[in-house]
Number of protein chains: 2
Amino acid sequence: MPIRAYAATAAKGDLKPFEFEPGPLAPGQVEIAVSHCGICHSDLSMLDNDWGMSAYPFVPGHEVTGTVKAVGAGVTTRKPGDRVGLGWFSKSCMTCRPCMSGDHNLCATAEQTIVGRHGGFADTIRASAEWVTPLPAGLDPATAGPLFCGGITAFNPFVQCDVRPTHRVGIVGIGGLGHMAVQFANKWGCEVTAFSSSAGKSDEAKKLGAHHVVNSRDDAAMAKLAGTLDFILVTANVTLNWPAFIAALAPKGRLHFVGAVLEPVPVAVFPMIMGQKSLSGSPLGSPVTTADLLAFCARHKIGPVTETFPMSKVNEALAHLRAGKARYRIVLANDLSA
Amino acid sequence: MPIRAYAATAAKGDLKPFEFEPGPLAPGQVEIAVSHCGICHSDLSMLDNDWGMSAYPFVPGHEVTGTVKAVGAGVTTRKPGDRVGLGWFSKSCMTCRPCMSGDHNLCATAEQTIVGRHGGFADTIRASAEWVTPLPAGLDPATAGPLFCGGITAFNPFVQCDVRPTHRVGIVGIGGLGHMAVQFANKWGCEVTAFSSSAGKSDEAKKLGAHHVVNSRDDAAMAKLAGTLDFILVTANVTLNWPAFIAALAPKGRLHFVGAVLEPVPVAVFPMIMGQKSLSGSPLGSPVTTADLLAFCARHKIGPVTETFPMSKVNEALAHLRAGKARYRIVLANDLSA
């Protein structure tokens, strides 16, 4: 049976109904009946071919929730009927050093769900079993999709950077990733300072779990924070006053990026040495960390704040995101199979 | 009794014999009969008032070895006759968060041996007991001095950055710090790549324990290293091809600075994210890490390669260092008391 999907035939084009034959299910693969699919800003970047690696027809979508329909030869860990999710990666080599170390998200040849293959704005999607993660009881497929890309990207640093509940944590940017990071930091047990330049987001950030909100474009407010934060997570992708953020780090503090800021960050070495500070980045998260994220969200009853569009209104949903109006993540509900 | 020393009366001036009355020994202090004192490049920077914080008459010297002569009230951990050493710091507050965490080298109000007080180019020096570290059997006071500033600066990152014996480590700059860092990395159990732009240092680096030597100004050689090093320690203080060093890091790799590179390092965020890489710095080391360094050097029979001058020839020794001729650290032998 063909897979029914929404595809663009050219960069920046509207999405239109599109069908393709997936061929036989390969060994190791899992076929998922898509229930919902989140929209991530990187779907727009790929649609627009911003990164020069898009192929058309292009089916976006890499924040999938759904139910396993079928499994290929050799798949023993998933079975038809399982509630699952799928994110940015759809296959890792399973043999390289990062894969063998549990860092499948650092696999240099990992297959990406919407790069050179069709994504989750569809009724069906396939992926290699290692990246198809069970959805725990307590998580709703209608809202959990964004955990599989935006969520894991914001959560992984807490694990990778050894953030501790005694730490004073800053979250920079209260958007798709940041609004989840604030919740994670709060439930992680930390004292949370949200940084936003949108005055309107202060109350929302506090509702999400921020203990303090600071306008990162207010130099005086930034100066007051000098030496006070153990960990600052940057989810924004615009250039901010990085020296002020580095100054805000406590001794041994770390400034960590998950937002792909385009302009290089000019790092003065002397303050890094004197305060034993660091600057780092991380991409997404491993399958194990994804499973831990899902369990953490289910236990604490947290997750993305979503707006839902039927998949048939995908172009309206994309326009809503493009206009910067998403509060905070958009999820498409599959009505193709209706 | 007055302390006899060598002091400059103005920035960049020659050092001349100088005496001063130290007054009564304060509670918590230890008085050391100086046997030897290393010369560090920061002695020159302070002599020249490069950092705008020098006071004259200025007595340099913060890589002291010697023997305890007397202890002040309340000192229970050192006693007359103990063989000891003293480095960059001469007192920490012992009450702030870093001090209370064992990070006395990050104490914001720590007293520095040659800042606002007289250093170790003298027959006698005093310091607070916490920074007067016993010299283990097996270490020679005639050569151990440089461990207390250059040595601990190069050793501390191995402890702070969780460098493991399975790591592939790069040491950038084979000078005063780097020639010790190569030895530390080798005895730490690591595979060691030394980076130098001086062709003549290749054989020496290998003799010190480097398994490979790479010219960091050779772009083709640098490109070949892409993704291969877990930890790169920068002991140089000049601008190098930092993007090539970041590219040389393996996934999860770290580029760590102890050399106070003056120009900001332009950090492209995307490669940091994709490879989960980090950049960091650290200053000197704590008293406990200093003790561990000394034990490590004694056990492995490693340490600085030194040239010795009598203290009375201090101006010749400083000129030798200024000319970039030191191989690799200069030690002054106290002949004031002779």
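How each quantity is defined
- Residue positions are counted from 1 within each chain, in the order its sequence is given.
- Following the order in which they are written, the chains are lettered starting with A and the ligands numbered starting with 1.
- Given that the model is predicted, a residue must reach a pLDDT of at least 70 before its local features are reported, and side-chain atom pairs must reach 80 or more before they are shown or counted; all residues, however, enter totals for whole chains, interfaces and linings.
- Neither water nor hydrogens contribute to the side-chain values; these are computed over all heavy atoms in the structure.
- UniProt positions are given in the numbering used here, feature names are shortened, and annotations may be inferred rather than shown by experiment.
- Only DSSP runs of H or I reaching four residues or more are called helices, and only runs of E reaching two or more are called strands; each is numbered from the N terminus.
- In this scheme, a residue with accessible area under 20% of its type's maximum is buried, one over 50% is exposed, and one in between is partly exposed, where area comes from a 1.4 Å probe on protein chains only.
- Here, residues are in contact when the closest pair of their heavy atoms is within 4.5 Å.
- Under the counting rule used here, the positive set is Lys and Arg, the negative set is Asp and Glu, and His together with the chain ends is not counted.
- To locate a charge, the coordinates of NZ of Lys, CZ of Arg, CG of Asp or CD of Glu are taken.
- Under this definition, polar contacts are N or O atom pairs within 3.5 Å; protein pairs additionally need one hydrogen-donor-capable and one acceptor-capable atom, and for neighbouring residues in sequence, both atoms have to be side-chain atoms.
- A least-squares superposition brings the copies together, and it is based on the C-alpha atoms of residues with pLDDT no lower than 70 in both.
- Expected helix span is taken as 1.5 Å per residue step, with the number of steps being one fewer than the number of residues.
- Put simply, buried area is the surface a 1.4 Å probe can reach on two separate parts but cannot reach once they are joined, added for both.
- Salt bridge, as applied in this entry: a Lys or Arg side-chain nitrogen positioned within 4 Å of an Asp or Glu carboxyl oxygen.
- For this classification, Asp, Glu, Lys and Arg are treated as charged, while Ala, Val, Leu, Ile, Met, Phe, Trp, Tyr, Cys and Pro are nonpolar and the rest, including Gly, are polar.
- Strand pairing follows a simple DSSP-based rule, namely that at least 2 bridges must link the two strands.
- A fitted line through C-alpha atoms serves as each axis, taken over the contacting stretch for helices, and the angle formed by two N-to-C directions is quoted from 0 to 180°.

As named in an unreviewed UniProt entry, chain A is alcohol dehydrogenase (NADP(+)), taken from Amazonocrinis nigriterrae CENA67. The record held by UniProt for chain A lists under Cofactor (unreviewed entry) the comment "Zn(2+)".

Turning to the overall build of chain A, a few remarks are in order. Along the backbone of chain A there are eleven helices and 18 strands. Principal-axis analysis of the C-alpha atoms places the extent of chain A at approximately 60 × 40 × 40 Å. Scored against the burial criterion, the 338 residues of chain A give a buried share of 57%. Restricting the contact set of chain A to residue pairs at least 6 apart, pairs at least 24 apart contribute 66%. Averaging the positions of the 29 positive and the 26 negative side-chain charges in chain A gives two centres separated by 5 Å.

Moving on, we get to the environment of T289 of chain A. All names here are of chain A. The topology assignment puts T289 in helix α10 (residues 287-300). Judged by its relative accessible area of 6%, T289 falls in the buried class. A polar contact is formed between the side chain of T289 and the side chain of S286, at a distance of 3.0 Å.

Outside of glycine, negative phi angles account for most residues, and trans bonds account for most peptide bonds. Going from R327 of chain A to Y328 of chain A, the amide bond is cis rather than trans, its omega being -5 degrees. Secondary-structure assignment places Y328 of chain A in the loop between α11 (314-322) and β18 (329-333). Omega for the peptide link from Y56 of chain B to P57 of chain B comes to 0 degrees, which places this bond in the cis form. For P57 of chain B, the location among the structural elements is in the loop between α1 (41-47) and β4 (64-71).

Moving on, we get to the side chain of T65 of chain B. All names here are of chain B. Counting through the fold element by element, T65 comes out in strand β4. Of the polar contacts made by the side chain of T65, one reaches the backbone oxygen of P141; its length is 2.7 Å. Those residues in contact with T65, other than ones at most four positions away along the chain, are A33, V34, S35, H36, V84, G85, L135, P141, A144, G145 and F148.

Mapping chain B onto chain A calls for a rotation angle of 180 degrees and an axial translation of 0.0 Å; the resulting RMSD is 0.0 Å. Considering both components of the superposition, the chain copies are consistent with a two-fold axis. Ranked by how close their C-alpha atoms come to the rotation axis, the residues of chain B are headed by P266 of chain B, at 2.3 Å. The share of interface residues of chain B whose copies in chain A are also at the interface is 100%, consistent with both copies meeting through the same surface.

What follows concerns helix α10 (residues 287-300) of chain B. All names here are of chain B. Taking 1.5 Å per residue, 14 residues should reach 20 Å; α10 reaches 20 Å between its end C-alpha atoms and fits that length. All of the buried residues in α10 are P287, T289, T290, L293, L294, F296, C297 and A298. For α10, the secondary structure elements touched by its buried residues are β9 (133-134), α4 (150-160) and α5 (178-187). Directly beyond the C-terminal end of α10, a positive phi value near 55 degrees is found at K301.

Taken together, the contacts link 33 residues of chain B with 33 residues of chain A. For the pair chain B and chain A, the two sides together bury roughly 2600 Å², of which 63% comes from carbon and sulfur. Among the residues chain B hides against chain A, the three largest losses belong to V269, I273 and Q276 of chain B. Together they make up 22% of the total. The interface formed by chain B and chain A holds two salt bridges in total. The partner of K252 of chain A in a salt bridge is D103 of chain B, with the nearest N and O atoms 3.0 Å apart. Here chain B is connected to chain A by nine residue pairs in polar contact (both at pLDDT 80 or more). When residues of the side of chain B that touches chain A are assigned to their parent elements, the largest contribution, five residues, is made by helix α9 (residues 269-274) of chain B. Partitioned by chemical class, the residues of the side of chain B that touches chain A number 19 nonpolar, nine polar and five charged. Here strand β15 (residues 265-267) of chain A pairs with strand β15 (residues 265-267) of chain B via three bridges, running antiparallel.

It is worth spelling out the sheet that holds strand β12 (residues 212-214) of chain B at this point. Here twelve strands make up an open sheet; going across it, the order is β12(A)-β11(A)-β10(A)-β13(A)-β14(A)-β16(A)-β16(B)-β14(B)-β13(B)-β10(B)-β11(B)-β12(B) and the pairing mixed. Across the chains shown, the open sheet's two edge strands, defined by having one partner strand only, are β12 (212-214) of chain A together with β12 of chain B. The average undirected angle you get between the axes of adjacent strands in this sheet is 20 degrees. Where strand β10 (residues 168-172) of chain B lies against strand β13 (residues 229-234) of chain B, four bridges are found, and the strand directions are parallel.

As annotated in UniProt, the feature "domain: Enoyl reductase (ER)" (unreviewed entry) corresponds to residues 13-332 of chain A in the numbering used here. Within residues 13-332 of chain A, the helical portion is 27% and the strand portion 26%, while the C-alpha atoms at the span's ends are 18 Å from each other.

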